[in-house]
Each structure stands twice: as structure tokens, then as C-alpha cells.
Amino acid sequence: MDLQVDESGRLRHLLTIEGLAPDLITAILDTAGSFTSVTERSVKKVPLLRGKTVVNLFFEPSTRTRMTFELAAKRLSADVLNLDIEHSSTRKGETLLDTLRNLEAMQVDMFVVRHSQSGAAHFFAQHAAPHVSVLNAGDGYHAHPTQALLDVFTIRTRRPDLENLVVTIVGDILHSRVARSQIHALRALGVPEIRVAAPATLLPRNVEEMGVQVYHRLEPALQGADVIIALRLQRERMRGAHLPSEAEYFRYYGLTPERLGKARDDAIVMHPGPINRGVEIASEVADGPRSVILQQVTNGIAVRMAVMAMTLGSRGGEPR
Amino acid sequence: MDLQVDESGRLRHLLTIEGLAPDLITAILDTAGSFTSVTERSVKKVPLLRGKTVVNLFFEPSTRTRMTFELAAKRLSADVLNLDIEHSSTRKGETLLDTLRNLEAMQVDMFVVRHSQSGAAHFFAQHAAPHVSVLNAGDGYHAHPTQALLDVFTIRTRRPDLENLVVTIVGDILHSRVARSQIHALRALGVPEIRVAAPATLLPRNVEEMGVQVYHRLEPALQGADVIIALRLQRERMRGAHLPSEAEYFRYYGLTPERLGKARDDAIVMHPGPINRGVEIASEVADGPRSVILQQVTNGIAVRMAVMAMTLGSRGGEPR
Amino acid sequence: MDLQVDESGRLRHLLTIEGLAPDLITAILDTAGSFTSVTERSVKKVPLLRGKTVVNLFFEPSTRTRMTFELAAKRLSADVLNLDIEHSSTRKGETLLDTLRNLEAMQVDMFVVRHSQSGAAHFFAQHAAPHVSVLNAGDGYHAHPTQALLDVFTIRTRRPDLENLVVTIVGDILHSRVARSQIHALRALGVPEIRVAAPATLLPRNVEEMGVQVYHRLEPALQGADVIIALRLQRERMRGAHLPSEAEYFRYYGLTPERLGKARDDAIVMHPGPINRGVEIASEVADGPRSVILQQVTNGIAVRMAVMAMTLGSRGGEPR
């Protein structure tokens, strides 16, 4: 994805983890590390993006994701505008481009784009003016790169020896842009063993080609795992042919204390949120000592601040 | 309510007036007094809460109340996020707690909570992390403490001799969290005579136990009153069995110039707004020289600034 | 409109271009010119309105217009609140006044008002407190003064010799508050020849009295024109009796490259946006070298910043 970096190799847009240089991923995580101290202190604000304008362009509603980007931008002192565009079928490619051009003409510096269609953020980045950065906040089944970055940031904080880890991802891999981005990030950082566990109906065809080991039962997939990531089950999928019921899903793939016993003693449990208690995860596990689910949320702000600061800072000659 | 103060007796949350020490109420009013000069000057901003994040968590819509908290927070230089959560029946206790935990993980410093269920703000405060303050912006029929505080602030500004006053509250006492909070505040500040006037169907049982005198007719309740507070009639209640019609209500309980003649010559007229002209109050009275209804709105900003500054400033060691 | 200027002749409200002194229009354009450099630099913020509160009071939804005012206010460092009020028939004059009075009591400094009824902004300005400014962001079929100002600003930037120009406005003049305001602005600045081109059903009666030349066919109206302004066709009008179809409209009034050939070689093409491609304008023209449509958007921010700074700065004795 040459689109994501400028001629000096600096981050210009963040669209997908796929193809992103491991050094750049590490640089993002390092920058995020420097921002965690900002969010912990009393005055949680730095003037890095003062006078910059960030527009949250959400074609698909997601209050929580929107809030994390809004908070990240505000803590960098940017001005933030939220634009919730109803998922209207009348918004065709051309109109999308007109929307982009008009917002650019208002001297917007950054677009955070969420869209139900894969490739929407790429489309924006392809056509964006030189002064504009685009961040993908989730596009269709394709990618959700900031989520994957905050996940590997959280893992690295707890287990810096990434090259020794076994990571197990449980759940609806087929429809999950999160899983796709996580696998790319984990591989880029040298995690040697990535396992996916899901019923056959929730696995993409040829998923092995992504470099993962496939399990249809959860217990063996958890055996000796260092990190367990439960994915959110989209309830709307339950009504389709993919799955019989939530109770049935929990019976076979729910993360219970018993099943967690298969993993390593110091294994950590992750979830992109919001969690469905008693569906993907038992409350005892979600609220238990191994859960780092809330740390993920906290780290999400720092990671988004890092990506914003790096992309808007990548244009040469601009005062930082 | 020990929940509301920290071990040094400083304000930590504001949930209800009931049980709040009179000294603390007075301290809030004094602090609010110092903020009235801020809102009157040209640059209406002080940097007290710079870098703090305030989330307006409104489970029950109220544009006007939300705006007053948003303005108060912005004038203290805080970052404000508005989260309007539809009054969904699926939001059960546990999910509410997950919402709280997630927002806390985003390093939010303050929640302004409005909810149709009594006790919602208490629930948040009970479970809040040590660094977080909760302000109740109205919960069910229970409490609306900032409204009561701005009311007593307004009364005190006009009539500092609180221990000599007769205050009459007219209207739907039964369903009014405002009335309940007002009565607690007036009693705490030593107002010797508080009267309530309403039809029997709009009075709580055993209302006398709150330390008020009950009147079923308005005229005697106004006799010699120093302060008259008309409550807003919720129109949706009119369709129930409580009241025959708006016109009928106005006929017996509407505040007219004639009825106002029963009160003291320098009596002031108050209303929490928005007013229903010709229902609770005649336009001549609402817009007349005795009305302090708009001053209440102005004072509401200063009082909310005071509560925000005091609660977020109560954590020791933080730079103010 | 004495309402728009204070006793010293300085801008107090902006409600309509009609009756605004040419000197004042020129002063606004000059001030806007000084702000274009602000929006072009890296830190696009000046502290002129720090501590001021601007409320976008939109009774008629318009995300794009709202955004331009919000951005303008934020780049002047004002606090901005958005109040989207559904176009409810229950909002009668008196209630509108109560809304105004309440917001004023919250020490709001400026209202940006958009309303489907002509005269709404005037109503607010008539009743506004001395410290409050009102900007008309579009009222019914009446006026849209900031749009007209950004249009003449854009024309003046490209063609400073306004007194030599031929300007052609094409489209639905009848229902267009934009056209009405443009004609007033162009005349005030001494543009000698203003042409309007539209089917008879989309022209106001006695339109000649506005000082324009009327054409029912587009080609002769474009002959020798320096500036061509296509108006947006409101699609909801298409279903009425005014027009047969969009295709039919384009056939006779659409701005095509061929038709553009009639105009002067250096003619510029404008449109208030959002454009309907293939209805008012061919894509080749909208995206072509003569189009200044996106520059209009950029200039719109600077013009709104100018109007905001001038009106809020018009009160004597306030620190700027």
C-alpha cells in the first residue's frame, strides 16, 4: 500500500495493516507509548494539532469508535466535527467524491472514515488532496487498523516478547475486519503462532493462507496460548444461517473460566468490545484478573493519538 | 449520602440535595457567585478544567438541560462529549456498568447523567472509579439537584434573609424531582415556611413529612409569600387520570396577576422552564417585573460551573 | 434595514443583503480577504472570539451550511453549540421568543439561524438583547446573505473590475433565496449587467424590477458573460408543476461545455452547491478549468469568519 506512506516512508494515511512496514508499526506503537502518559496526567492535552480540523465521517454508526477518535483528536487540541451520514444507497461513488472535495475545500486536515463498504477509506485516500490524511475507522469486512494496533500495543505492553507468543483468536473470523487486521499486525511483528477457532460457517475459505492455524474446537486452540482474543458476535448474523443461537455459540465457543484453564497461567484475555456477556465470554472471565479488555480501551486513545500525530506531522515544513 | 463527599468532606459527586450538609450547599452557592462575574465578562472562559473530559450521558432527552451543562463545562475549558443514548429497554444494569467502565477507560473525568429511572446517577457514582465525578442532571421522580441549587441561588441573590422567607411551590409535586430537590435545599438553608399547593392527585402521600404545609387551593398558599415557584406541568400527564385539562388547571392553579396580588409586594416568581404560557403561568406574570425566570437560567450556568469545579477539584494533589 | 447596523454604522446583525451599504459589503469582503490567509496556514486559528458562544439554531436541516458556520466559529476560537430543532408546527412565534430569551440568558453571543420561513432571522434580531448578534443562514425564499457574500467575494478575487462585468444566473430564481441575495449584492457592488435565465415557471413575477435582464433561453443569456452562476435545482420542486423532468431541465438549461462556449473565454462558473451533476451542470463543466465551485466553499469559511468577527466586534468597549 504505497498510498499509506509518503516518499520519505512516513505515515500519510492509515487504511490497512496489510503491507504496512513492521518498522512503521513499531514506530506507531512507540509513539502511542509516549501518549499514554498524556492521558494519565491531570491536564490531558497537548497542543500538537492545534488549529487542525478533524472530521469524523461516519457512514456507518458507531458511537463508541467515534468517541475514541473524537477524544484522541481533542486531546491533541484539534477541532473536531462529527458528520453522521445515514447509510443511504443514493451515496454513490461520484457523490462521495463531491463530499470529499467539499470538505477539503473547507480546509479539513483529516478524515476519519467509517463505512459499511470495503474500500471506502482507500477511495478517499486515493482522491485526497496532498494536505489531507485519511484514517480508516472500519470499512466493511476489510480492515479496522487502529483496533489491530491497539490490540498489539496492549499485547506488547504485557508481553514484550512477541516473537515467542501463541495468540488465539476466537469467533466470527469470516465477517471480522478486526480479525483480519489483527492477523496482519501480529504477523508483521513476528508472532510465530496465530490460531483461529470458529465454526466452519464463520471461517473464510482458505483462511490458512493468511498464515494461521485453524481449529474448529476451542479447547485445543487455547492449549498453551499466551493471548486469547474473543471477537464480538454480531447479533444480526445470528438470525442468518451461520449460527443456531447465542446459547449454542456460548456452549461451544464461549470463553469460560474452565476453558481458560487450558491456556498458560499468565495468559491475557482480550475483546474489541462491546462485549456480549454470556455469548462470547463469561462475566467471570471478562471481569477477571486476566482480562485486559478495559486497558485496550485506554490504549485505543493513545494509539489513535499516535496515528493522528504521525500522519498530520508527516507533511514536511509544517510546524509541529 | 456519604457517596457525595470525600473523606475531607469535599464534594465528590452531586446526586441529590437530600443529606447534603448546609455548609456545603452554601459553599456551592458562594462559588457560583464567583462564577457569575465570569459569564458576564467578554471572555467567558476560565482554564480551571482545561484538559478534563466531561461526558453528557443523557438517557432521557433534554436539549436545554444538556446545553446548560455543556456551556458550563466549556466555559471552564473542559472538553465535552455528548452521548444521547436512546431510552432503550435493553439497557440493563450490567450493560450500564459496561458503558461506565468503557467511558472511564477512555479517561473521562466527569459524567453528567440524566435518566428516566430514579437512582441511575447513584448507580454510576457507586461504581465510578476514584478519579471520576458524577453529576445528576435529573433521575426519574427522584432528584434534580443542580436545578434546586440554582433556585436557592436565585432566591438568595434577591432575598439573602432566607431564614425569614415564605416559599410557595405550586403544581405537580407528585411527579416533580425538581420540587423534591427544592424542598430539601430550602430546608437545609433554614427557610422556615415552605408551602405546596396542588390538587390532591398531584401530591405525594404523606407529603407533610417533608416539612411542608399543604394547600389544595392556590390563593391561601400565596398569602404573604416571598417566593412563588410554579412547576412545569408535564403535558403527557394531562392525558392520564391526574388532571381534567390544561384550561381547568390554569383556572385553579395558574399564576395570574390577580392571584399574585395575594403575595407580598416584593415577591419573586420562579419557574424551572420551559414554561407553558396559559397553563402554569399567565404571560403577564412570566414576563412581568416580579419574574426572575430568566435569571434562573443565567444562574444555572454559574451553579453548574461551581459544582463541576468543586467536584473535579476535590481530588487532592491535582493542579487547579 | 437599520436593524443590521448600530448607531455608528457598524455591522450588528447580518440578515439580508438588501439595503446593506456598499461600503459595508466591501468592508466585509476586505475582512474576509484577511482571513483567507488564516485558513491557509498550518494553525488555522485566531483568538478573536475566544470565550464567545455561538449557537447554530437550525430549524431547517443543512449539514453543509451548519458545518461552514461551525468551522468559521471554531477557527475564531469561539465555543459552538449546535441546536437542530425539528421543523415542528408547534413552534409558534411566542415559543420562538421564549427559545431566544432562554438562550440569551445562557449568555450566548451569537445565533446563526436557519429557518424554512422567511423573516425568522429578522424576528430574532428584532427581539435580541443588545449583546447578541444574529446571522441569517437562510430563511425561506427570502435571503441567504453569507452565500451571496462569498459569491461576490469569489467573483472579486477573480475579476476585481466588477463595474465591467456581465453576470448570468441560471435556474430556479423563483424559489431561490440565494439568487435574491446575489442580485442585491451584485447591484450594490456596481455590476452593470445581471441576467437571469430560467423557464417562465421558475421566475418571480416582475423579476425585471430587481434590475435584471430576463432570458427564457440559456444560450443568449450566456453570450459574452464573464460570470455564470448555476443555481441548485431543488429536486422536490420537480415533482410539482414547475418542471417536467430533470433530463428535460438539463436539455434546456444544463450548463454544458458547448453552451459555455458562448461565454467569454475567461468566464468563471459558479454554483452554491451541492451540485446535481447532469441536472444543472455537466460534470465536464463542474470539474473543468473555469469552475470556481470549490473556491466558493473555501471562501465561504473566510466570509463567515469576517461576518462573525465584525458583528461580535461591533459592540464598543469590548476587548478584541
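Computed from a predicted structure; not experimentally measured.

1. Examining the interface of chain A and chain C
Buried accessible area, meaning the area lost when the parts come together, often serves as the stated size of an interface.
Line of reasoning, step 1. Between chain A and chain C, the residue contacts involve 15 residues of the former and 20 residues of the latter.
Line of reasoning, step 2. Elements with a contribution of two residues or more to the side of chain A that touches chain C: β2 (79–84) and α3 (93–105) of chain A.
Line of reasoning, step 3. Looking at the side of chain A that touches chain C element by element, the count peaks at 5 residues for α3(A).
Line of reasoning, step 4. The class makeup of the residues in the side of chain A that touches chain C is 5 nonpolar, 4 polar and 6 charged.

2. Some thoughts on the relation of the copies chain B and chain A
Line of reasoning, step 1. After a rotation of 120° and a shift along the axis of 0.0 Å, chain B superposes on chain A with an RMSD of 0.0 Å. The two molecules are tied by a three-fold rotation axis, judged by turn and shift.

3. Structural notes on the confidence of the model for chain A
Residue and element names in this part refer to chain A.
Line of reasoning, step 1. Per-residue pLDDT for chain A averages 90, and the proportion of residues at 70 or more is 92%.
Line of reasoning, step 2. Contacts from residues 87–93, a stretch scored under 50 in pLDDT, to residues over four places away or in other chains number 5 contacts.
Line of reasoning, step 3. Confidence drops under pLDDT 50 across residues 316–320; counting only partners more than four residues distant or on other chains, this segment forms 4 contacts.
Line of reasoning, step 4. Reported confidences for the modelled complex are a pTM of 0.93 and an ipTM of 0.91.

4. Let's talk about the pairing of strand β6 (residues 193–197) of chain A
Residue and element names in this part refer to chain A.
Line of reasoning, step 1. In this structure, strand β5 (residues 166–170) lies alongside β6, joined through 5 bridges in parallel fashion. Paired with I169 across the bridge in β6 is V196.
Line of reasoning, step 2. With respect to chirality, the unit in which β5 leads through helix α6 (residues 177–188) into the neighbouring parallel β6 is right-handed.
Line of reasoning, step 3. Sheet analysis places β6 next to strand β7 (residues 213–215), joined by 3 bridges and oriented parallel. For R195, the partnering residue across the bridge sits in β7 and is Q213.

5. Points about the sheet that holds strand β7 (residues 213–215) of chain B
All names here are of chain B.
Line of reasoning, step 1. Reading across from one edge, β7-β6-β5-β8-β9 is the order of the 5 strands in this open sheet, with parallel pairing throughout. Bordering the open sheet on either side are β7 and β9 (268–270), each of which pairs with just one other strand. The mean angle between the axes of side-by-side strands here comes to 20°, regardless of whether they run parallel or antiparallel.

6. Here's the deal with the pairing of strand β1 (residues 53–58) of chain C
Residue and element names in this part refer to chain C.
Line of reasoning, step 1. Within β1, 6 of the 6 residues are buried, leaving the element largely enclosed by the surrounding structure.
Line of reasoning, step 2. The two faces of β1 match: T53, V55 and L57 on one face and V54, N56 and F58 on the other face are all buried.
Line of reasoning, step 3. Judged from the 6 bridges that link them, β1 and strand β2 (residues 79–84) form a sheet pairing that is parallel. Looking at β2, one finds that V55 is bridged to L81.
Line of reasoning, step 4. Running through helix α2 (residues 63–75), the crossover from β1 to the neighbouring parallel element β2 is right-handed.
Line of reasoning, step 5. Here β1 runs beside strand β3 (residues 110–115); their pairing, made up of 5 bridges, is parallel. Bridge assignment links V54 to a residue of β3, and that residue is M110.

Basis of the calculations
All residue numbers refer to positions counted from 1 along the written sequence of the respective chain. Both sets of labels track the order of writing: A upward for chains, 1 upward for ligands. Local features in this predicted model are restricted to residues whose pLDDT is 70 or higher, and side-chain atom pairs enter the listing and the counts only when it is 80 or higher, whereas totals over whole chains, interfaces and linings include all residues. In this description, a residue-residue contact is defined by the distance between C-beta atoms placed from the backbone, which must lie within 7 Å. Strands are runs of DSSP state E lasting at least 2 residues, helices are runs of H or I lasting at least 4, and numbering of each runs from the N terminus. Under this grouping Gly is polar, as are all residues other than the nonpolar Ala, Val, Leu, Ile, Met, Phe, Trp, Tyr, Cys and Pro and the charged Asp, Glu, Lys and Arg. For the least-squares superposition of copies, only C-alpha atoms count, and only for residues with pLDDT at least 70 in both. Scored between 0 and 100, pLDDT is the confidence that the predictor attaches to each residue. Strands are labelled as partners when DSSP assigns at least two bridges between them. Here the term right-handed applies to a crossover when the path leading from its first strand over the helix to its second strand runs clockwise, the strands being oriented away from the viewer. Helix axes use the C-alpha atoms of the stretch in contact, all axes being lines fitted to C-alpha atoms, and the angles between their N-to-C directions lie in the range 0 to 180 degrees. Whether a residue is buried, exposed or partly exposed follows from its count of other C-beta atoms within 10 Å of its own C-beta, namely 20 or more, 12 or fewer, or something in between, respectively; the C-beta atoms are built from the backbone.

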